[in-house]
Amino acid sequence: MKPLNLIALLLFLGGAVWALTRSDRTVREIQNAYYSAMSPFLKSGSKMETQARAFLGETHHSKALEAELESTREQLGRLRLIESRFRALEYENVQLRHALDFKKATTFDVVAARVIRRNPTTWWQTVEIDAGSKRGVGTQLAVLSNQGLVGKIDRIDNGGERSSVLLLTDEKCQVSVRIENSPEVGILSGQRGGFDGDPMLRLKFLSANTSVHSGQRVFTTGRGGTFKANILLGTIDSVEKGALDSEALVRPSVNFADLGAVFVLLDADS
Amino acid sequence: MIRYSFITILLLLAAFVVQQFLPAFTGLHHSRILLVQLVFLCCAVTVGQRTMLVLAFIGGFFWDAQCALGPHGGDPEVYTQQVESLRFGYSILLFGGMGLLMQGIQPLFQQGKWQFSAMLSGIAVMLYLAAEYAIINFVRGDFVLNWATLLQIVYTSVLTMLFSPLVFWMLFRISSACDHSINPEAGRRCRRAY
């Protein structure tokens, strides 16, 4: 090998070792810089996609769209009424909790967002949404759909207009859960390579002699500091009993193949 | 030569931008065209070892910046068995390995037999994905390989390989624009024939 090539190889290996020893914080800074540089392209890409969708939308039959709009308007009005009533009740609840000297009042707010990109990476199950720090979204916040828990925020773009959501179907998204009508608690996560068809979730650390059965619903416990309590995750599909502990397969309540609008759960204080 | 090397770096960076707009094919087990890897592999066979290593570092570094997941978060007392992520920077070594593999058949490419390089690019992508998946299994424990994952790897490699003639065509155009021959032996043979 030529001396110059050897030096280049050593420099390459040195650079690789330098990259491999970066802390999580430095990696986040590098990612922020990368996505800042990509931001103009991503923005224009999203814009083009929106325009294309709008063009395709126009080709749909206008009467069907009008009927859908009318029904959506009606639903929106009804939901606004419910929300105002909910806010009043929430305020009343906070006041009463305060009067009773409860330690913490659980108030929250949500930010609605649209899924703008699906599965941008090869192995991780993530989507990108059009809400970022500009709308109060931060990392590790829970993301929901009207069917249940979708995942959690993994990364916020520097521009503050987009963020990446780690889906519940990814192996790395772990949730502390409880099973309804049962004292059982466990850790729920996605499964490796579970891209196709109906992805199932794996519920671990159930007791060896567990009495859970298929059809029981699974909710968050609120422990672990990421997800609030009582968010629906899915229903038990099957139980695999072991000598030391049991595991169960859970069918998610959310249809991950058809994610359109999602809601990021914010703390009321944020 | 310097101009050509510089343009290959720009081409690799442009591939990162285009990759953002290439979706996964849900009907083909979420396989996708890995344009960044393809551009790197095709460039690797046309440049010297030093330029290949520069390209491998840039490619691996930015690929990890694009794909790395954040820390687990949550209370470690509740999540006692946290799922490990791949370390930032592992792709640099994988890109380097793929580049060295491509350079192994550089003599054939220089004779004008670019078809072998095109085929090897598909094999290299398959090895790259298999290595990546093996590393995931190694750091997370429990070797899991299902049929869908295997098909995802195969389809991704084949789809990516199908685009390699296009990338080689671009590289030939760029090299002639830079007055630099990327397959000099083939050029000499042509001149002798005339």
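Higher on the page you've got the structure.
Attention here is on the structure that accompanies the text. Model, not experiment: these values are computed from the prediction. Every residue gets a number counted from 1 within its own chain, in the order that chain's sequence is written. Key to labels: chains lettered from A, ligands numbered from 1, both in the order written. Where totals are concerned, whole chains, interfaces and linings use all residues; where local detail is concerned, this predicted model gives features only for residues with pLDDT of at least 70, and gives and counts side-chain atom pairs only at 80 or more.

## Topic: the overall build of chain B
Helix and strand counts for chain B come out as nine helices and zero strands. Listing the helices and strands of chain B from first to last along the sequence gives α-α-α-α-α-α-α-α-α. When the backbone C-alpha atoms are referred to their principal axes, chain B occupies close to 75 × 35 × 30 Å. Taking all contacts inside chain B whose residues are at least 6 apart in sequence as the whole, residues at least 24 apart take part in 76%. Going along the chain from the N terminus, every DSSP run of H or I of four or more residues is numbered as a helix, and every run of E of two or more is numbered as a strand. What counts as a contact here is a pair of residues whose C-beta atoms, placed from the backbone, lie within 7 Å.

## Examining the overall build of chain A
Across its full length, chain A holds three helices and 12 strands. Projected onto the principal axes, the alpha-carbon positions of chain A cover approximately 75 × 60 × 45 Å. By the burial criterion, 30% of the 270 residues in chain A qualify as buried. Across chain A, every contact between residues at least 6 apart in sequence was considered, and the portion connecting residues at least 24 apart equals 55%. Remark: C-beta atoms are placed from the backbone, and a residue is labelled buried if 20 or more other C-beta atoms sit within 10 Å of its own, exposed if 12 or fewer do, or partly exposed between those counts.

## Comments concerning the interface of chain A and chain B
The partner chain B presents 44 residues to the 44 residues of chain A that form the contact. Counting only elements with at least two residues in the side of chain A that touches chain B, the list comes to α1 (3-20), α2 (24-59), β4 (148-156) and β7 (185-189) of chain A. Ranked by the residues each element gives to the side of chain A that touches chain B, the list is headed by α2 of chain A, at 10 residues. Side-chain classes are defined by residue name, with Ala, Val, Leu, Ile, Met, Phe, Trp, Tyr, Cys and Pro counting as nonpolar, Asp, Glu, Lys and Arg as charged, and the others, Gly among them, as polar. Considered class by class, the residues forming the side of chain A that touches chain B number 18 nonpolar, 16 polar and 10 charged.

## Structural notes on unusual backbone geometry
Residue and element names in this part refer to chain A. Although it is not a glycine, Phe205 adopts a positive phi angle of roughly 65 degrees. Inspection of the secondary structure assignment puts Phe205 in strand β8 (residues 201-207). A positive phi angle, close to 65 degrees, is found at Asn230, a residue other than glycine. Secondary-structure assignment places Asn230 in the loop between β9 (217-220) and β10 (232-241). Taking the number of C-beta atoms within 10 Å as the measure of exposure, Asn230 has 12 and is therefore exposed.

## Section: the sheet that holds strand β11 (residues 245-252) of chain A
Residues and elements named next belong to chain A. Read around the barrel, six strands follow the order β6-β7-β8-β11-β10-β9 and close on themselves; strand pairing throughout is antiparallel. Put simply, the sheet's adjacent strands are angled 40 degrees from each other on average, direction ignored. Of the pairings in the sheet, the one linking β9 to β10 comprises three bridges and is antiparallel in character. Paired with Phe219 across the strands is Leu232, a residue of β10. The pairing criterion is simple: DSSP has to find at least two bridges between the two strands. Each axis is a line fitted through C-alpha atoms, taken for helices only over the stretch in contact, and angles between the N-to-C directions span 0 to 180 degrees.

Scope: geometric values only; no functional claims are made or implied.
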